[in-house]
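# Chain and residue survey
Here is how the chains run, residue by residue.
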Amino acid sequence: MQFDLAPAAGGPPWRIFLYRPEGPAPEGGWPVLYLLDANAVMGIAVDALRVQAAYPAGTGIAQAVLVGIGYPTEEPYDSVRRSWDYSQPPGRSFPPHRPGGPEVRTGGADLFLDFIEAELKPRIAGLAPVDPARQAIFGHSFGGLFALHALFTRPQAFADWIAISPTIYWEDAALLATERRFAALPPEARGRPRLFMAVGEYETRLAPFQIGRPDAARRQAALDQGRHLAHAQEMAARLRPLGLAVEVTELPGETHMSLLPVAINLALRFALGPR
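Below, the structure is looked at part by part. (Residues numbered from 1 in each chain as written. Predicted model: local features only at pLDDT ≥ 70, side-chain atom pairs only at ≥ 80, totals over all residues. Heavy atoms only, no water.)

## Description of empty space enclosed by the protein
Here the structure, examined in full by the defined rule, presents one cavity of 30 Å³ or more. In this structure, the largest cavity occupies an estimated 30 Å³ of space. Looking at the largest cavity, the residues that line it are Q88, L145, W170, E171, A174 and L175. Among the residues forming the lining of the largest cavity, the class breakdown is four nonpolar, one polar and one charged. (1 Å grid on protein atoms, 1.4 Å probe; cavity = no way out; pocket = protein on both sides within 12 Å on 5 of 7 lines; lining within 4 Å. Points joined across faces, edges and corners; volume = space filled by probe spheres on them. Nonpolar A, V, L, I, M, F, W, Y, C, P; charged D, E, K, R; others polar.)

## A word on the side chain of R81
Tracing the chain through its elements places R81 in helix α3 (residues 79-85). Although buried, R81 forms no salt bridge, and the nearest oppositely charged side chain, D85, lies 4.5 Å from it. Among the polar contacts made by the side chain of R81, one reaches the main-chain carbonyl oxygen of P12 at a distance of 3.5 Å. Residue contacts for R81: discarding those within four places in its chain leaves P12, P13, W14, Y71 and P72. (Helix = DSSP H or I, 4+ residues; strand = E, 2+ residues; numbered from the N terminus. Buried < 20%, exposed > 50% of the residue type's maximum accessible area, 1.4 Å probe, protein only. Lys, Arg positive; Asp, Glu negative; His and termini not counted. Salt bridge = Lys/Arg side-chain N within 4 Å of Asp/Glu carboxyl O. Polar contact = N/O pair within 3.5 Å; in protein donor to acceptor, adjacent residues only side chain to side chain. Contact = heavy atoms within 4.5 Å.)

## A look at the environment of D37
Secondary-structure assignment places D37 in the loop between β3 (30-36) and α1 (38-53). What makes D37 buried here is its relative accessible area of 3%. Between the alpha carbons of D37 and Y77 there is a distance of 6.5 Å; along the sequence they are 40 residues apart. Ignoring anything within four residues of it in the chain, the contact list for D37 reads I69, Y77, R82, Y86 and H140. Looking at D37, its side chain comes within polar contact range of the side chain of R82, at 2.7 Å.

## Points about α1
Of all the positions in α1, only A38, V41, M42, A45, V46, A48, L49, Q52 and A53 are classed as buried. The inward-facing, buried residues of α1 contact β2 (14-19), β3, α2 (56-59), β4 (65-70) and α11 (260-272).

## Quick word on the layout of surface pockets
By volume, the largest pocket is sized at about 630 Å³. What lines the largest pocket is a set of 21 residues, and nearest its centre among them are S141, Y169, H228, H256 and M257. No other element matches helix α9 (residues 216-226), which puts six residues into the lining of the largest pocket. Residue composition of the lining of the largest pocket, by class: eight nonpolar, nine polar and four charged. The computed volume of the second largest pocket comes to approximately 280 Å³. What lines the second largest pocket is a set of 16 residues, among which P7, G10, W14, W84 and L111 lie closest to the centre. Elements that contribute at least two residues to the lining of the second largest pocket include exactly α3 and α4 (109-127). With six residues, α4 is the single largest residue contributor to the lining of the second largest pocket. Residues belonging to the lining of the second largest pocket are distributed by class as follows: nine nonpolar, three polar and four charged.

## Some words on the pairing of strand β1 (residues 2-5)
Residues F3 and L5 point to one face of β1 and are all buried, whereas Q2 and D4, pointing to the other face, are not buried. One ladder, built from four bridges, connects β1 with β2; its direction is antiparallel. Bridging from a neighbouring strand, D4 pairs with R15 of β2. (Pairing = 2+ DSSP bridges.)

## Re the sheet that holds β3
Taken in spatial order, the eight strands make up an open sheet running β1-β2-β4-β3-β7-β8-β9-β10, and their pairing is mixed. Both edges of this open sheet fall to β1 and β10 (245-251), since each of them pairs with a single strand only. The sheet shows a mean angle of 20° between the axes of neighbouring strands, taken without regard to direction. Here β2 runs beside β4; their pairing, made up of five bridges, is antiparallel. Paired with I16 across the strands is I69, a residue of β4. Sheet strands touched by α4: β1, β2, β3, β4 and β7 (130-140). Its angle to β2, the strand with the most contacts, is close to 40°. Contacting β3, β7, β8 (160-164) and β9 (194-200), helix α5 (residues 142-153) runs over the sheet at an angle of about 145° to β8. (Axes fitted to C-alpha atoms, helices over the stretch in contact; angles between N-to-C directions.)

All we've got here are geometric facts, nothing functional implied.
Here you go:
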């Protein structure tokens with residue numbers, strides 16, 4: 001099912017996609033995986049879960065509730081709104097993504113997280129019996145940046161955090177200051193969250209089909225600036241001594257966009273597989 005849900009304080013709605021398994025829920029409720037950019041990824045996630053949860057002895061994946069958070073559009077992404085929702089304050093202003101489009105603003109991550117925690121989660125709990133101790137969030141690119149910001153600011157919001165190709169470098173790597181504040185918290189405030197990060201092989205170097213193209217030098221310069229894998233590995237090395245269980249993997253043969261189906265499958269395994 002899907003429905004549009006606007007924040008109580010006013011503002012444009014998000015489009016919510018909900019998958020609930022058939023049959024009775026486990027005694028403690030279903031585990032839940034929240035997925036950002038749902039217009040792009042919800043179909044992949046639902047099909048991957050349905051196929052594998054039907055054969056748990058062969059896959060290790062159990063049924064769960066999937067909650068996709070997207071936008072009222074038929075396009076896979078709403079680039080303007082996600083720029084605001086997924087980036088941490090104070091944010092900045094950028095030129096329009098398209099000629100004649102609106103100014104692009106960043107910095108709305110805390111407001112978006114307020115909506116998820118105070119309004120969306122209670123709505124989902126009213127629609128399906130869920131296990132509050134088995135909740136996970138998946139984000140890719142800017143969505144991965146949001147997942148990390150949320151982890152560092154509200155580590156009790158989810159048990160499992162999945163940040164795929166997170167844009168840690170964004171806005172002069174402002175996320176790293178948020179990470180340092182998280183590291184300074186007492187252990188009981190940090191909890192023991194589990195974090196999975198993945199980056200495509202061709203987020204470090206050009207894919208074969210990109211080599212020799214007119215824009216090859218520009219693309220390689222952007223990859224060098226992003227340092228997606230190095231940033232993730234360095235962050236993992238800092239977080240593990242704090243007691244966090246952190247996994248980082250490189251996905252062979254994948255680019256920043258082509259990795260999505262593989263990453264979603266790994267996210268299901270991480271969040272819904274055996275502990």
